[in-house]
Structure formats: structure tokens, C-alpha cells
Amino acid sequence: MESRAGGGVKRAARGRLGNVSGLGYHGPSEVLMVSLSSRLGPTLCALGAAAILLAPGEARAADDDIHWFSPGLILSLSFGDKINFGLGLDARYSLLFAGETNCFSSERRAIGAFAQASWLNFSAAGRFAAGIHGGGEIERGGFGVNGEVGWTYRTALSEFHPGGHGIHAGIGGIGGQIVDVFFRGTIPLLGDDGRKPEFTVAVGAHFPPMYGEPGICDIGRRLRMNGRFVLPGVAGAPRRGRARSGKIDEATRAALVSAWQGDARGECASIPAFLALARDLAAVGAPRDLVDRALASAADEVRHTELCASIAGDLASMTFAPDLLPPPRRSGLDRTRELSRLCIESWEDGCLGEGAAAERARRQARGAKEPGIGAALGAIASDEARHAELGWRVVEWCLSEGGRPVREALGEAVAASPEGPAREEAPEAEASAWRGYGRIGQHDIDAAWEQNLGLARNTAEGMLRASG
Ligand SMILES: [Fe+2]
Ligand SMILES: [Fe+2]
């Protein structure tokens, strides 16, 4: 009679040897499969983990809008050899191949790699999986579907429930949302010791969400490079003399510097964006007035950059200057498509973005108490209103020149334009100083966006009716 310990060793040996002696010898091909499975399992798990760890640095920082690293926690319940409760980690790298994380983006789609590790039943048992995943949102920023396939390895649950390798497949709802639900199946590989397939239901939470954080509506005219939005970096050096006076705590001062510096970068990005607009309008034969106004707008954005950088610099006792980026290359589209592109971009960046920027600057100016800041914001507000007006004129001209294709493209863009305004991280700042130095809270930011969006939609729908 064999001892329990002896039986365990033999069962383990059978697992490793793939039933060569225990359940019958099935031929050299199965031995080969078993041998491959025992090597490939850990190898593929390691490859999945390596794909995540080797993802580009910016992916892990989650500051690039096509690479996302999304760690998460999962709770699972598995049904198979026995019912197992799992508590685990799920890390995903996703590469967006459709859509972006800005608020005008269409539904996002991604492929990538995942790695999971779960602790089972609060015991010494665990389950590991790695592989590839892919899917996309069904609605923008909302629910999505994602599938995954890979390799899994579960350690023994007890001496009666041996562990082993398996094929892992799953489908679930995951995407723009933080919380996800997954259904997963594990098929034990040939040669493992009588294990049943396992079915798992898992609930997880990933942050940032797998396809990145929900889109942010930038305001003002944005710089697009290869279909993506870019912002310049900023250079800075300490300067002599005291920082702008005023009793503000350090956290508030830092938040103000960061906010005004961010505005300087956005304004500076608008300079090449307007130069490109002037160039592209000239290339499709736009009236000279439109081209001249685009060039003049680039000059306005130089002033806005200087105003915002100097407010940030005064607060920090630094001299700041953003990099001037080059204008994007010509699109290479035929004239009709180019007219559609110019029309849509002017709708998004001019009618919506700069219209909201004008309203926002007006609200900022109203609360500004510090010398010079209210005047700077007043000047920015009236310039941005003029830029929004230019956006409307470009839309109007493109509609009249491009006919039906442009009308249809604009109709789609107006219907899809975002309900949600720009979201900003709540600053750690004292409220009255924040307003006094020309900043506003999320409520005013939302209101500025919504007020402009409502008016802009009505105007665009009127234009579409008139042009139809
Ligand atoms: Fe501006
Ligand atoms: Fe502008």
C-alpha cells in the first residue's frame, strides 16, 4: 500500500510526464505536446509580462494618447475542478489603432498584451495567465468589448486537484470605463492530469481605463500632427527679483504657475496651427480675406503666449518660453476632401474650441483682481471671439465650395460633437487667490463650454439647413 505522500509524488510525476505510465501511453506526439506545453506555458507567460514591462516609457506614464498601461485589480469566481475564489492583479498594455483620447475622438480600438496573477482561496494556490488582447468601444468613452487569448498556468489546489497548463480565452466588457466584467475559460492541455475545463467570472477595476482616460476637450485652436494633438514643451530659468507679490501659499502658487504655463503651451501650439490654416486655405483657393485673417490670428496667438508665459513667470520668479513647433505638413488630400477637413477642423477648433476659449477668458477676466491679469484676459477673450468668428467663416466658405460631401461631413461632426466640457484636475489652491489670479473653477469651465456648444450647434444646424 502506497503512502499518501508517495501517491502525491507519483501523481506529480504523472503530471510532469504526461500520463506516460499512469493513464496509458498515447504515443510520441502526445509526449511532444506535453513537453512543449510545460516549456511554452511559462515562456508565453514571461513574454506577455515582458511585453508589458517593455512597453514604451511614455506608455507607463500614460501621457501619450496611443500607448496605455492599465493596471487593475480583479475578483474572480471559477467553476471547474472545484469552486475557487480569486483575488488578483491584471496589467494591460494597449496600443490604440483607432480613435484617440481627445473628446472629439471616434470610438477607440486597441490591441495589446495582458498578464494576470490571482491568489486562489486565500491558500498557497495561484493562477497565472498572459497573452494578447484586443477590442474596442461600442460607444465613445463608454462600454466596450474586449477579447483575450493566451496561456494559463494554475498551481495545484490540493493533492487531489493537480495544477497544470491550459489555453486561456476570455471576452468581457471593458473599455472607456474603469470597471469591467470578464468571462474566461481555461481548457487544460493534453497530458495534464484529469483536470476539467474551468469557467471564470471576473469583475475588475482598471485605472487608467484600458483605452486611456476619457477624452479632454482642449479649448482654443489645437495643433494636429499626423492626426494627433500636440503641445510644445516649455523652457524656463530662474530670474532675479522677487516673485509676483501677494499672500498666496506655496501650493496655490505652484498650481497657478502650472495652470498659466499650460495656457502658454496651448497658445503657442495655436501659432503653427494658424499658419498651417492660412497655407491650406490659400492652397484650395480661399478668399484672401480668410487667409489674411488666419495669418493675423497666428500673430494674436504669439501675444497670448507671451501674456500667459509672463504671468506664469511672474508667479514663479522664472522666465518661461514654450517651444515653437513647426506647422504640420500638407495633408495631400484632393480638394473636396481637403475642404471637408478644413471645415471639420474649423468647426471643432474654431467654432467650438475658440468660442469656448473666448467665453472662458471672459469669465476668468471677471474674477481677476491682480494687476494686469484682468486686462490680459480681456484682450485674449476678444481675440478668441474673433478667431471663433474666423472658424465660422471658414466653415461657411467650405460648405459653399465643397457642396454635398462637405455638408455631410459637417452634419456628422455636428451630431457627434461632445456633450461634455473640458475636465480639469481640481487644483490644490486657495479659492479666492485662484480667482484673483485669473483662474476659474470647473463649474465655470463647464458652463463656458456648454453655453458655447449650445449656440454653436444651433448656428451650424441653421447653416446646414440653408446649404441643403
Ligand atoms: Fe489664443
Ligand atoms: Fe485663438
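These lines cover the structure that appears in this document, whether it is placed above or below. These figures come from a predicted structure and were not determined experimentally.

Since the α-helix advances by 3.6 residues per turn, residues separated by three or four positions end up pointing in the same direction. Here helix α10 (residues 442-467) is 26 residues long and its end C-alpha atoms lie 37 Å apart, about the 38 Å a rise of 1.5 Å per residue gives. Every buried residue of α10 is accounted for by D444, I445, D446, A448, W449, N452, L453, A456, R457, A460, M463 and L464. The inward-facing, buried residues of α10 abut α6 (335-367), α7 (373-402), α8 (404-416) and α9 (431-436).

Moving on to the coordination of the iron ion (ligand 2). On the protein side, the iron ion (ligand 2) has E301 (OE), E354 (OE), E384 (OE) and H387 (ND1) as donor atoms, found 2.0 to 2.4 Å from it. Around the iron ion (ligand 2), the 4 donor atoms are arranged such that angles at the metal cover 91 to 152°; this shape is classified as irregular. Considered as a linear motif, the donors of the iron ion (ligand 2) on their single chain read E-x52-E-x29-E-x2-H. In this model, the iron ion (ligand 2) sits 3.3 Å from the iron ion (ligand 1), the two metals being bridged by E301. With E301 in helix α5 (residues 288-316) and H387 in helix α7, this residue pair connects regions lying 86 residues apart in the sequence.

Here the iron ion (ligand 1) is held by E267 (OE), E301 (OE), H304 (ND1) and E384 (OE), and the distances to it run 1.9 to 2.3 Å. Each of the 4 donor atoms around the iron ion (ligand 1) contributes to a set of angles spanning 83 to 139°, which defines the coordination as irregular. What makes E384 buried here is its relative accessible area of 3%.

A separate point is the pairing of strand β2 (residues 84-98). Both strand β1 (residues 67-79) and β2 contribute to a ladder of 12 bridges, which runs antiparallel. Bridged to L75 within β2 is L87. Between the end of β1 and the start of β2, which pair antiparallel, lie 4 residues. Where β2 meets strand β3 (residues 109-120), 12 bridges bridge the pair, whose relative direction is antiparallel. Bridging across to β3, L87 finds its partner in W119.

Reading guide: rules and limits
Residues numbered from 1 in each chain as written. Chains lettered and ligands numbered in written order. Predicted model: local features only at pLDDT ≥ 70, side-chain atom pairs only at ≥ 80, totals over all residues. Heavy atoms only, no water. Helix = DSSP H or I, 4+ residues; strand = E, 2+ residues; numbered from the N terminus. Expected span 1.5 Å × (residues − 1). Buried < 20%, exposed > 50% of the residue type's maximum accessible area, 1.4 Å probe, protein only. Contact = heavy atoms within 4.5 Å. Donors = N, O, S within 2.8 Å, 3.2 Å for Na, K, Ca; no water. Tetrahedral: all angles 85-135°; square planar, octahedral: opposite > 155°, others 65-115°. Pairing = 2+ DSSP bridges.

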